[in-house]
Amino acid sequence: MPVLVMKFGGTSVANLDRIRRAAKRVGVEVAKGYDVIVIVSAMSGKTNEMVGWVEETSPLFDAREYDAVVSSGEAVTAGLMALTLQEMDVPARSWQGWQVPLQTTSAHSQARIEEIGTENINQKFGEGMKVAVVAGFQGVSPEGRITTLGRGGSDTTAVAFAAAFDAVRCDIYTDVDGVYTTDPRICDKARKLDKISFEEMLELASLGAKVLQTRSVELAMRFKVKLRVLSSFEEQSDEAGTLVCAEEEIMESNAVAGVAYSRDEAKLTLLSVADRPGIAAIIFNSLSEGGVNVDMIVQNISEDGRTDMTFSCPTDQVVRAEQALLKTKGAGDLNYAELVADKDVAKISVVGIGMRSQSGVAAKMFKVLSDEGINIKVITTSEIKISVLIDRKYMELAVQALHDAFDLDKVA
């Protein structure tokens, strides 16, 4: 039988009524002749609750025990989903990561998938099981300990299973009905996309769009897994949601597919840094060792052998960045006059594979922002993306203006 993977997020399994609704959707696919692998998240809010318990019990917790606790939410949902399907006379059973087995690295709370064994589940499919309900977000380390894949890890679990079992498709059920040109809460003209390329989705996910976890999109692109994002609260059809697929499957596309934003950004500038070989390596090695996720980087023109170095990072990592750089300065490896932090900025990005063949996107973006009186602080580009840092107070205005300027409410 062909295999279909269906993943249900926390809001889709938030209570028993929603689990029953999700189970009915699974039953529809079983009736179509699929063997179904269902990946489930913990009920909405449960993971945060368990994280709170761990932190209250042990502020300097053992990451292995952290994983043992927080992975239990998915195990509960898997068991309840299997029971619900059995009540519908659908042959189903639940699976935890170690039973599959889903083998991971030993990096607890941020483990990466190494291999997924297919023999056990395939054997049960051969014996008449129609649905394997798998606890997402979790696996087993080489030492035999439970591991978790990081927040949003159930998306990654689903795509990895689709790749391992050569599934016809991986359907991601969530509380939105697809991928939009921008956040509908900010722009009421936002339009749901019927299709989006892996590359565009990867950029949007990494730039702040919350629909899919970045690692899941990376895996889907690598193994050519067709992804469909759709709502678990709306009527289902073959055309529902947004299909994330290879660029070749999209006939025509706008120069820009979407506008993404990230509200919690900070801009840091090291003033009067020595302009010599190796100085950038010292700065960013220090930040890396301090656990700072650096994004945009700009180096100013050198004058009298000194220069300024600007970079961005999440606002909650500013203190960590300041401490890392101060430590390096104190050790004598780095000499700078001052570190200036601006915590009141936002990142706005336009993304589209059409940029490869259509010119003028950057000029148009900058003109739109200029007409709205919005100053650009930092610019970075890639083949299909242009990102800028602006004052946070202009974030919503910028998103709306760019959405209008690139006619994203219209179909290509």
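Predicted, not measured: the structure shown is a model, and the values here were computed from it. (Residues numbered from 1 in each chain as written. Predicted model: local features only at pLDDT ≥ 70, side-chain atom pairs only at ≥ 80, totals over all residues. Heavy atoms only, no water.)

What about the side chain of Asp 171?
Thought 1: Along the polypeptide, Asp 171 turns up in strand 9 (residues 169-174).
Thought 2: For Asp 171, a relative accessible area of 0% gives the class buried.
Thought 3: In this structure the side chain of Asp 171 is engaged in a polar contact, spanning 3.0 Å, whose partner is the side chain of Arg 228.
Thought 4: When near neighbours in sequence (up to four residues on either side) are disregarded, Asp 171 contacts Leu 4, Val 5, Met 6, Lys 7, Arg 228 and Leu 230. (Helix = DSSP H or I, 4+ residues; strand = E, 2+ residues; numbered from the N terminus. Buried < 20%, exposed > 50% of the residue type's maximum accessible area, 1.4 Å probe, protein only. Polar contact = N/O pair within 3.5 Å; in protein donor to acceptor, adjacent residues only side chain to side chain. Contact = heavy atoms within 4.5 Å.)

Here's the deal with the packing of helix 7 (residues 198-206) against helix 8 (residues 214-223)
Thought 1: Packing of helix 7 against helix 8 leaves a shortest axis separation of 9 Å and a crossing angle of 165°. As judged from the angle between their axes, helix 7 and helix 8 are roughly antiparallel. For the crossing formed where helix 7 meets helix 8, the hand is left-handed. The segment helix 7 lies against helix 8, with Phe 198, Glu 199, Met 201, Leu 202, Ala 205 and Ser 206 engaging Thr 214, Val 217, Glu 218, Ala 220 and Met 221.
Thought 2: Tallied by class, the residues present in the contact of helix 7 with helix 8 amount to 7 nonpolar, 2 polar and 2 charged. (Axes fitted to C-alpha atoms, helices over the stretch in contact; angles between N-to-C directions. Parallel < 35°, antiparallel > 145°, perpendicular 65-115°, else oblique. Left-handed = near helix turned anticlockwise from the far one by under 90°. Nonpolar A, V, L, I, M, F, W, Y, C, P; charged D, E, K, R; others polar.)

Thoughts on unusual backbone geometry
Trans peptide bonds make up most of the peptide bonds, and negative phi angles are found at most residues other than glycine.
Thought 1: Residue Pro 101 follows Val 100 across a cis peptide bond; omega there is -5°.
Thought 2: The backbone phi angle of Lys 224 is positive, close to 55°, even though this residue is not glycine.
Thought 3: For Lys 224, the position within the fold is in the loop between helix 8 and strand 11 (227-231).
Thought 4: Of note in the backbone geometry, Asp 304 takes a positive phi value of approximately 55° without being a glycine.
Thought 5: For Asp 304, the position within the fold is in the loop between strand 14 (297-299) and strand 15 (306-314).

Digging into the UniProt feature "binding site: substrate" (unreviewed entry) in the protein chain
Thought 1: UniProt's entry tags Thr 47 and Glu 74 with the feature "binding site: substrate" (unreviewed entry), counted in the numbering of this structure. A compact arrangement is adopted by the annotated residues: their sequence extent is 28 residues, whereas the largest C-alpha distance between any two is 8.7 Å.
Thought 2: For Thr 47, the location among the structural elements is in helix 2 (residues 46-57).
Thought 3: Setting aside chain neighbours within four positions, we find Thr 47 in contact with Ala 42, Glu 74 and Arg 151.
Thought 4: Relative to the helices and strands, Glu 74 is located in helix 4 (residues 72-87).
Thought 5: The class of Glu 74 is buried, set by a relative accessible area of 4%. (UniProt positions renumbered as here; feature names shortened; annotations may be inferred.)

Concerning the pairing of strand 17 (residues 378-382)
Thought 1: Of the strand pairs in this sheet, strand 17 and strand 18 (residues 385-391) are connected by 5 bridges, and their pairing is antiparallel. Within strand 18, the position partnered with Ile 379 by the bridge is Val 388.
Thought 2: Connecting the antiparallel pair strand 17 and strand 18 is a turn made up of 2 residues. (Pairing = 2+ DSSP bridges.)

Topic: the UniProt feature "binding site: ATP" (unreviewed entry) in the protein chain
Thought 1: Residues given the UniProt feature "binding site: ATP" (unreviewed entry) here are Lys 7, Phe 8, Gly 9, Gly 10, Thr 174, Asp 175, Tyr 180, Arg 185, Lys 210 and Val 211.
Thought 2: Relative to the assigned elements, Phe 8 resides in strand 1 (residues 3-8).

What about the nonpolar core?
Thought 1: Membership of the largest hydrophobic core comes to 42 residues, with the highest contact counts inside it found for Val 5, Ile 37, Ile 121, Phe 161, Cys 170 and Met 201.
Thought 2: Judged by nonpolar contacts, the second largest core, of 26 residues, contains Ile 19, Val 38, Ala 135 and Ala 240. (Core = buried A, V, L, I, M, F, W, Y, C linked by side-chain atoms within 4.5 Å.)

Some thoughts on the sheet that holds strand 2 (residues 35-40)
Thought 1: Ordered by their spatial adjacency, 8 strands build an open sheet running 3-6-2-1-9-11-12-10, and the pairing between neighbours is mixed. Each edge of the open sheet carries a strand with a single partner, namely strand 3 (92-95) and strand 10 (195-197). Taking the axes of each pair of neighbouring strands and ignoring which way they run, one obtains an average angle of 20° across the sheet.
Thought 2: Where strand 1 and strand 2 come together, 6 bridges link them in parallel fashion. Within the sheet, the bridge partner assigned to Leu 4 lies in strand 2 and is Val 36.
Thought 3: Here helix 4 sits on the sheet and contacts strand 1, strand 2, strand 3 and strand 6 (131-135); the angle it forms with strand 6, its principal contact strand, is near 165°.

Considering the domain arrangement of the protein chain
Thought 1: Per the domain assignment, the segments of the protein chain are domain 1 (3-249) and domain 2 (259-406).
Thought 2: Averaged C-alpha coordinates put domain 1 and domain 2 at centres separated by 33 Å.
Thought 3: With 17 residues of domain 1 in contact, the opposing surface of domain 2 contributes 20 residues.
Thought 4: Carbon and sulfur atoms make up 58% of the surface buried where domain 1 meets domain 2, a total of about 1,600 Å² over both sides.
Thought 5: The tally of links from domain 1 across to domain 2 stands at 3 salt bridges.
Thought 6: Between Arg 356 and Glu 199 there is a salt bridge, and its shortest N-O distance comes to 2.6 Å.
Thought 7: The interface formed by domain 1 and domain 2 includes 9 residue pairs in polar contact (both at pLDDT 80 or more). (Domains from an automatic or database assignment. Buried area = accessible area lost by both parts, 1.4 Å probe. Salt bridge = Lys/Arg side-chain N within 4 Å of Asp/Glu carboxyl O.)

As for the sheet that holds strand 15
Sheet strands line up and pair through hydrogen bonds in the backbone, either parallel or antiparallel.
Thought 1: In spatial order, the strands read 14-15-13-16-18-17; together these 6 strands make up an open sheet with antiparallel pairing. Across the chains shown, the open sheet's two edge strands, defined by having one partner strand only, are strand 14 and strand 17. With strand direction ignored, the average angle separating the axes of adjacent strands in the sheet is 25°.
Thought 2: Of the pairings in the sheet, the one linking strand 16 (residues 338-351) to strand 18 comprises 7 bridges and is antiparallel in character.

A few points about the packing of aromatic side chains
Thought 1: Taken as a whole and judged by the stated rule, the model has 4 aromatic pairs.
Thought 2: Ring centres of Phe 8 and Tyr 173 lie 4.7 Å apart, and the angle between their planes is 15°; on these two criteria the pair is classed as stacked. You can see Phe 8 sitting in strand 1 and its partner Tyr 173 sitting in strand 9, a full 165 residues away along the chain. There is no split in this pair, since Phe 8 and Tyr 173 are both buried.
Thought 3: Relative to Tyr 66, the ring of Phe 61 lies with its centre 5.0 Å away and its plane at 15°, an arrangement referred to as stacked.
Thought 4: Residue Phe 61 is classed as partly exposed on the basis of its relative accessible area of 31%.
Thought 5: Looking at Arg 93, its charged tip hangs above the ring of Trp 95, at a distance of 3.6 Å from the centre.
Thought 6: Positioned above the aromatic ring of Tyr 336 is the side chain of Lys 329, whose terminal nitrogen or guanidinium carbon lies 4.4 Å from the ring centre. (Phe/Tyr/Trp six-rings, centres within 6.5 Å; stacked < 30°, edge-to-face > 60°. Lys NZ or Arg CZ within 6 Å of the ring centre and 35° of its normal.)

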